[in-house]
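So you can see what is in the structure, the chains are spelled out below.
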Amino acid sequence: SGTPKTPKPPVPELFLTEHAHVRMLRGLLELFYQPMLREGGCDPSCPVPALFLDSLKKLREESGFIIAEIGDVLLARFEGTEGSWFQKISARFCSRQSFALEQLKAKQRKDTRFNQFIQEAESRPRCRRLQLKDIIPTEMQRLTKYPLLLLSITKCTEAAAERAKVEQAAECCRQILNHVNQEVRDMENLMHQAHPSAQRVPFPQIPSLNPPKVPPNPLQTPKTSPKTSKPPKKTQILQNTDITKRTLVHEGPLTWRVTRDKAVEVQVLLLDDLLVLLQRQEERLVLRCHSRALAPAPDGKQMLSPVIRLRSAMTREVATDHKAFYVIISWENGAQIYELVAQSVSERK
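Note that this is a predicted model, so its numbers are computed, not measured.

**Student:** Account for the pattern of salt bridges, with residues named and values stated.
**Tutor:** For side chains of opposite charge, pairing can occur when their charged atoms come near one another. Counted under the stated rule, the structure contains ten salt bridges. A salt bridge links Asp-321 to Arg-257; the nearest nitrogen and oxygen atoms lie 2.9 Å apart. Of this pair, Asp-321 sits in strand S11 (residues 321-331) while Arg-257 sits in strand S3 (residues 248-259), and the two are 64 residues apart along the sequence. What makes Asp-321 buried here is its relative accessible area of 15%. With a relative accessible area of 28%, Arg-257 lands in the partly exposed category. Between Arg-257 and Glu-339 there is a salt bridge, and its shortest N-O distance comes to 2.7 Å. Here the residue Arg-257 occupies a position in strand S3, and Glu-339 occupies one in strand S12 (residues 334-341), the gap between them amounting to 82 residues. One continuous salt-bridge network, built from bridges that share partners, spans Arg-257, Asp-321 and Glu-339.

**Student:** Please set out helix H4 (residues 80-95) residue by residue, giving values where relevant.
**Tutor:** For H4, built from 16 residues, the straight-helix expectation of 22 Å at 1.5 Å per residue is met to within 8% by its first-to-last C-alpha distance of 22 Å. Looking at H4, one finds that the buried residues are Gly-83, Phe-86, Ser-90, Ala-91, Cys-94 and Ser-95. Take H4 and look down its axis: the buried residues cluster within an arc of 135°, on one side only.

**Student:** Which residues make up the side chain of Thr-154, and what values go with them?
**Tutor:** Its location among the elements puts Thr-154 in helix H8 (residues 138-155). Relative accessible area serves as the criterion here: at 8%, Thr-154 is assigned to the buried category. Apart from the residues lying within four places of it in its own chain, the contact partners of Thr-154 are Arg-163, Val-166 and Glu-167.

Thresholds, definitions, all that
- Residues numbered from 1 in each chain as written.
- Predicted model: local features only at pLDDT ≥ 70, side-chain atom pairs only at ≥ 80, totals over all residues.
- Heavy atoms only, no water.
- Salt bridge = Lys/Arg side-chain N within 4 Å of Asp/Glu carboxyl O.
- Helix = DSSP H or I, 4+ residues; strand = E, 2+ residues; numbered from the N terminus.
- Buried < 20%, exposed > 50% of the residue type's maximum accessible area, 1.4 Å probe, protein only.
- Expected span 1.5 Å × (residues − 1).
- Arc of directions from axis to C-beta.
- Contact = heavy atoms within 4.5 Å.

Okay, here's the thing in structure tokens:
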């Protein structure tokens, strides 16, 4: 039981993972997509892209299940006209993924009948205990694995000509992945510009990241007390900042651990110069400041802004939680530390 697992040979691994991927796509098509189209009175016919898997199966049968050369099949899939078509449909599917997931969540929340249909479909064995929101991203996940699988095949290929073909196919995979990633970023930027809540996001006008603590002077009247000793109020005037002029780099859900006993769910926008922590309030995303006690002064509080300027920030891993990381803002008189937790280790990276 203590012996390490032997890694699968790269070509059989490509077969097995492609078969599992196509099986998941067929489940997505037949359990969700086609019934939705039938409900809407549309033609539900839509083929699953299984041409690559069919080509792999044919090659395996013709070679007597011992495959010596796979380069031509890989190039036929990822290069030329077929590669361009694969890139186009992958970009279309993946770029609309974030919007589709938001629409799905909203419709499930409002439409009881639709929510029941989704839950019944998710309970089928073909979904393998995955929810629809977990199945939809599988296409993007598969795209990221192709270059790695093909790289493993090149390492096991001795013939120079055959190895060159596999390397060329791997390069085509990387180009397709880069194109899809760019399409996803462009679509996310477009959606944020089109969404009403993204047009003008209220940014709290905070006097200072960490105003100096001034001890109260008993000889001083309230009228002349230093303004910097007062923490920002919750009813503070908000200044509108247009984020549509910035570039969206990444977006996703995180948990913000404000204190040991307080954690809030946030939707994070990573822009080119800002990190924005948005909280959901009914159907809107809003910005909300949080405060926490400062040790050792029991009455002292530190105000944490939901907007972090990246030019003065750095990140560090949390040693006790591999899904968490720190965002640290430092200046001459101190620092602010934000602890953020991703849903998985891969999402943190």
